[in-house]
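Listed below are the residues making up each chain.
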Amino acid sequence: MARARKGEAPAGKADATGVNAFVGKDELLKFYQDMLLIRRFEERAGQLYGMGLIGGFCHLYIGQEAIAVGMQSIKVKGDQIITGYRDHGHMLAAGMDPNEVMAELTGRAGGSSRGKGGSMHMFDVETGFYGGHGIVGAQVSLGTGLALNNHYRGNGNVAFAYFGDGAANQGQVYESFNMAQLWKLPVVYVIENNQYAMGTSVERSASETAFHKRGTSFRIPGEEVDGMDVIAVAEAGARAAEHARSGQGPFILEMKTYRYRGHSMSDPAKYRTKDEVDNVKQTRDPIDHLKERLAKAGVTEDDLKVVDAEVKRIVAEAAEFARTSPEPDPSELYTDVYLEAAQ
Amino acid sequence: MPALSPTMEEGTLAKWLVKEGDTVKAGDVIAEIETDKATMEVEAVDEGVIEAIVVPAGSENVKVNTLIARLKGEGEAASPAPAAAPAVAEAAPAPAPVAAAAPSAGPISAASTFADPEIPEGTPLKKITVRDALRDAMAEEMRRDDRVFLMGEEVAQYQGAYKVSRDLLQEFGDKRVIDTPITEHGFAGLGVGAAMAGLKPIVEFMTWNFAMQAIDQIINSAAKTLYMSGGQIKSSIVFRGPNGAASRVGAQHSQDYAAWYGNVPGLKVVAPYDAADAKGLMKAAIRDPNPIVFLEHEMMYGHEFDIPDVEDWVVPIGKAKIRRQGSDVTLVAYSRMVGFALQAAEELAKEGISAEVVDLRTIRPLDHDTILESVKKTNRLVTVEEGWGPMGVGAEIVARITEFGFDYLDAPPLRVHQEDVPLPYAANLEALSLPSVPKIVKAAKTVCYR
């Protein structure tokens, strides 16, 4: 089984009505592989950070895999994705080369931004991935701008703007909601509510913790989704995308999820108990949850082992590539500051 | 003629709604006056009989404070019409109109004092305001490239808070001339996102002061993403609007941002003085594949200059212009301050000092070579900017000339700039705070040891 590559068809198939049936064995296995790849990739990134090969900030996506993978499955060619700094999972789900993503984490010439962006700043226009943005909430306005582009050109595409429960309190989010609904822009806002904005729980930071209602005063419909269930994510995603694509304007999906690791590598996560984390891992883990469905669909342990081995191989190769790719040439210091004007 | 906006100097008396002999009460609308921004109704502030209409309907360019009619009050001799209170016919843009004596726009010097090497001899010229030059540039580029569109507050139906986008909605429709809500942070972000997807937005800020709300998107998203993406994500976008001090609008509406944006790699910063540069640089800015900060000046919008009457007038970004040749001292300025520097050069000439005036036109990239070559000739340097001095444009120029032209300097360079205070409202304090021709003359004489 080959790993996700650029241009590969997504796992699920949205039919013309936007109603989905993600029950096929092959689709389920593809979900499993894509989610497992993110988890193993992130675990390895954590190790490389501990070894000093990755510097600066590094925000891991472990626990939230079902969202990036489920939403990716309903995206069509030309649709765009934009997110904040917890972005590795989205890049992998979008089909970016794991070698390039890992090498960007280590700041090497083989990285997707040639080592000049780092963990929070990777892009791939070919797969529609527009970053990777480090300022909390900025991607919401930018993503709405991507939707403005689609509206302007009438290309039938939808922009997916991801942000967290923390960003949901930023002012520019609401400025963007207002314009998106006013102009009926094709954008789906995906709020990944992982319960904590760094160390501050939603109860301590949000006057309205039901984030799917945050569009109410702009007349933007919203829906709460079990973000730990990849099928539920994909089905809700298809409904939201259909709404946006059919000219009805933006839609908000609140994905209830949980991040297993700290906010970043340097966060000891003292603001929540070990019991709380363990409880989520044991009862709501998105990968375990999918395994149950796979078993019901007739997928055997041996089938899964094949996938596990393939994922392990991909991640090992990415880590090796990231370790051995050279640092950028010093001559890269002054490249990509400006583009040459044609005149 | 009442002043109906902070910068109004003259207007057109469009229509009289009363005739001689009519009796009016306070609050009656007596006339309509067109400024360059809007048509306003003028109300009588006192009651009496219209004794004489001095300025007939249809009169253009009537200076502020000109007597337009005489009102005879009950039991009193005929007297000039009391100062009329403006009633806003169309909602006025921020800043709100201040009925005060119209300010002078400051010294304006129409053209270079010698043949302009950029304009071939025999090129036909036409007179045009800076405002219309900017509008024409946008319109021409929108006709040329359907990816170009304009968004901002009041740019469409209102025709521009300062009428820079006049008639664009009519020609291009509301898909390409987009009125936004008052949400600078949000719509700047939308503009950058659209640019990342390949469109070429022109984002108008009603003034650059309001763009502080949006500065994160300008710097963190527009300026840095090309670099952070290893060259993958481009933002061909123009952020434009009036910059610097208008007149009597207070500290929050009177700031020069040239040094702020000039500090940022990834941005190009343009600040034209006359109409030819406003048009030519705007066209270059729209075509440029990089994010451009285009700093206009409200006080210059209404001024007419000669502009080459040619099909496609484009001025390259990054090239300064010698506005006046001289041999004793180099005056470097940009935007409105170029007019001040040219006026100062006139004054200095009367005292036998020959000043060369360099118009930067572009703040970043700075045309270091043109300044240095001038200083090599004059050996003396004065910089002029409307913004604050510390860490300013002048400070940067002085640092560079000290580094690369130290041996050519015969005196320590001096900087003329706004005083180091928030711009005061009081007319006298405001005048004291801003650069002026006498301040430039004084600095130039100081570096000449005169």
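Quick caveat, the model's predicted, so the values are computed rather than measured.

**Overview of the overall build of chain A**
Phase 1 of the analysis: Scanning chain A for helices and strands turns up 11 helices and 8 strands.
Phase 2 of the analysis: Against the globule reference of 20 Å for 343 residues, chain A gives a C-alpha radius of gyration of 19 Å, in line with a compact fold.
Phase 3 of the analysis: Overall, the C-alpha framework of chain A stretches about 65 × 50 × 40 Å when taken along its three principal axes.
Phase 4 of the analysis: The buried share of chain A, reckoned over its 343 residues, is 56%.
Phase 5 of the analysis: Sequence separation of 24 or more characterises 77% of the internal contacts of chain A that already satisfy a separation of 6 or more.

**Things to note about the interface of chain B and chain A**
Phase 1 of the analysis: Listed by partner, the interface residues are 38 residues for chain B and 35 residues for chain A.
Phase 2 of the analysis: If you list the elements that add at least two residues to the side of chain B that touches chain A, you get helix 3 (184–196), helix 4 (215–223), helix 5 (225–228) and helix 7 (275–287) of chain B.
Phase 3 of the analysis: The element best represented in the side of chain B that touches chain A is helix 3 of chain B, accounting for 10 residues.
Phase 4 of the analysis: Along the lines of polarity and charge, the residues of the side of chain B that touches chain A split into 16 nonpolar, 17 polar and 5 charged.

**Side note on the sheet that holds strand 12 (residues 177–179) of chain B**
Residues and elements named next belong to chain B.
Phase 1 of the analysis: In space, the 7 strands of this open sheet follow the order 12-11-13-14-16-15-21, with mixed pairing throughout. Two strands lie at the open edges of the sheet, namely strand 12 and strand 21 (362–364), each paired on one side alone. Going across the sheet, the axis of each strand differs from the next one's by a mean of 20°, ignoring polarity.
Phase 2 of the analysis: The strands that helix 7 touches are strand 11 (148–152), strand 13 (200–204), strand 14 (238–242), strand 15 (268–270) and strand 16 (292–296); relative to strand 16, the one it contacts most, it runs at about 160°.

**Brief notes about the environment of Thr207 of chain B**
All names here are of chain B.
Phase 1 of the analysis: Looking at the secondary structure, you find Thr207 in the loop between strand 13 and helix 4.
Phase 2 of the analysis: Sequence-wise, Thr207 and Asp136 are 71 residues apart; in three dimensions their C-alpha atoms are separated by 20 Å.
Phase 3 of the analysis: Look past the residues within four positions of Thr207 in its chain and what remains in contact with it is Gly241, Pro242 and His253.

**Topic: the packing of helix 1 (residues 25–50) of chain A against helix 11 (residues 301–324) of chain A**
All names here are of chain A.
Phase 1 of the analysis: Following both chains from N to C, one finds helix 1 and helix 11 inclined at 35°, their axes separated by 9 Å at the closest point. Handedness of the helix 1/helix 11 crossing: right-handed. Contacts from Leu29, Tyr32, Gln33, Leu36, Leu37, Arg40, Phe41, Arg44 and Leu48 in helix 1 reach Val307, Asp308, Val311, Lys312, Ile314, Val315, Ala318, Ala319 and Ala322 in helix 11.
Phase 2 of the analysis: In terms of residue class, the contact of helix 1 with helix 11 is made up of 13 nonpolar, 1 polar and 4 charged.

**Quick notes on the sheet that holds strand 1 (residues 80–83) of chain A**
All names here are of chain A.
Phase 1 of the analysis: The sheet built from 6 strands is open, its strands ordered 2-1-3-4-8-7 with parallel pairing. Each edge of the open sheet carries a strand with a single partner, namely strand 2 (129–132) and strand 7 (222–226). Recorded for the sheet is a direction-independent mean angle of 20° between the axes of neighbouring strands.
Phase 2 of the analysis: Where strand 7 lies against strand 8 (residues 251–256), 5 bridges are found, and the strand directions are parallel. Among the inter-strand pairings, Glu223 is bridged to a residue of strand 8, identified as Leu253.
Phase 3 of the analysis: Sitting on the sheet, helix 8 (residues 230–248) is in contact with strand 4 (187–193), strand 7 and strand 8, with an inclination near 170° to strand 8.

**What to know about the packing of helix 5 (residues 138–153) of chain A against helix 3 of chain B**
Phase 1 of the analysis: Where helix 5 of chain A contacts helix 3 of chain B, the axes come no closer than 6 Å and their chain directions differ by 55°. Considering the angle they form, helix 5 of chain A stands oblique to helix 3 of chain B. The interaxial crossing formed by helix 5 of chain A with helix 3 of chain B has right-handed handedness. Packed against helix 5 of chain A, whose contacting residues are Ala138, Ser141, Leu142, Gly143, Thr144, Gly145, Leu146, Leu148 and Asn149 of chain A, the element helix 3 of chain B presents Gly186, Gly189, Leu190, Gly191, Val192, Gly193, Ala194 and Met196 of chain B at the interface.
Phase 2 of the analysis: Classifying every residue of the contact of helix 5 of chain A with helix 3 of chain B gives 8 nonpolar, 9 polar and no charged.

**A few points about the nonpolar core**
Phase 1 of the analysis: Counting residues in hydrophobic clusters, the biggest one holds 209 residues, and the most contacted among them are Leu331, Ala341, Ile440 and Ala444 of chain B.
Phase 2 of the analysis: A total of 11 residues in this core trace back to one element, the largest contributor, which is helix 1 of chain A.
Phase 3 of the analysis: Residues contacting Ile440 of chain B, with those up to four places away along its chain left out, are Leu331, Phe340, Ala341, Ala344, Val382, Val384, Val416 and Pro435 of chain B.
Phase 4 of the analysis: In terms of nonpolar packing, the next biggest core, distinct from the first, is built from 18 residues, Leu4, Ile30, Ala69 and Leu71 of chain B among them.

**A look at the pairing of strand 14 of chain B**
Residue and element names in this part refer to chain B.
Phase 1 of the analysis: Burial of strand 14 is extensive: 5 of the 5 residues sit out of reach of the surface.
Phase 2 of the analysis: For strand 13 and strand 14, the ladder comprises 3 bridges, and the chain directions are parallel. Of the residues in strand 14, the one forming a bridge with Glu204 is Arg240.
Phase 3 of the analysis: Where strand 14 lies against strand 16, 5 bridges are found, and the strand directions are parallel. Within strand 16, the position partnered with Arg240 by the bridge is Phe294.

**Observations regarding the pairing of strand 11 of chain B**
Residues and elements named next belong to chain B.
Phase 1 of the analysis: Across the 5 residues that make up strand 11, a large majority, 5, are buried.
Phase 2 of the analysis: Alternating residues of strand 11 divide into Val148, Leu150 and Gly152 and Phe149 and Met151, and every residue in both groups is buried.
Phase 3 of the analysis: Looking at chain direction, strand 11 and strand 13 are connected through 5 bridges and run parallel. In the strand pairing of strand 13, Gly152 is matched with Glu204.
Phase 4 of the analysis: Pairing analysis gives 3 bridges linking strand 11 to strand 12, with the strands arranged parallel. Along strand 12, the bridge assignment pairs Leu150 with Val177.

**Observations concerning the confidence of the model for chain B**
Any residue range with low pLDDT should be treated as having predicted coordinates unsuitable for detailed reading.
Residues and elements named next belong to chain B.
Phase 1 of the analysis: When pLDDT is averaged along chain B, the result is 91, and 91% of the positions lie at 70 or above.
Phase 2 of the analysis: Predicted confidence for residues 85–103 stays below pLDDT 50, and this span has 46 contacts to residues more than four positions away or in other chains.
Phase 3 of the analysis: Both scores are given for the predicted complex: the pTM is 0.87, the ipTM 0.87.

Calculation criteria
- Residues numbered from 1 in each chain as written.
- Chains lettered and ligands numbered in written order.
- Predicted model: local features only at pLDDT ≥ 70, side-chain atom pairs only at ≥ 80, totals over all residues.
- Helix = DSSP H or I, 4+ residues; strand = E, 2+ residues; numbered from the N terminus.
- Rg over C-alpha atoms; globule rule 2.2 N^0.38 Å.
- Buried ≥ 20, exposed ≤ 12 C-beta atoms within 10 Å, placed from the backbone.
- Contact = placed C-beta atoms within 7 Å.
- Nonpolar A, V, L, I, M, F, W, Y, C, P; charged D, E, K, R; others polar.
- Pairing = 2+ DSSP bridges.
- Axes fitted to C-alpha atoms, helices over the stretch in contact; angles between N-to-C directions.
- Left-handed = near helix turned anticlockwise from the far one by under 90°.
- Parallel < 35°, antiparallel > 145°, perpendicular 65-115°, else oblique.
- Core = buried A, V, L, I, M, F, W, Y, C linked by C-beta atoms within 7 Å.
- pLDDT = per-residue confidence, 0-100.

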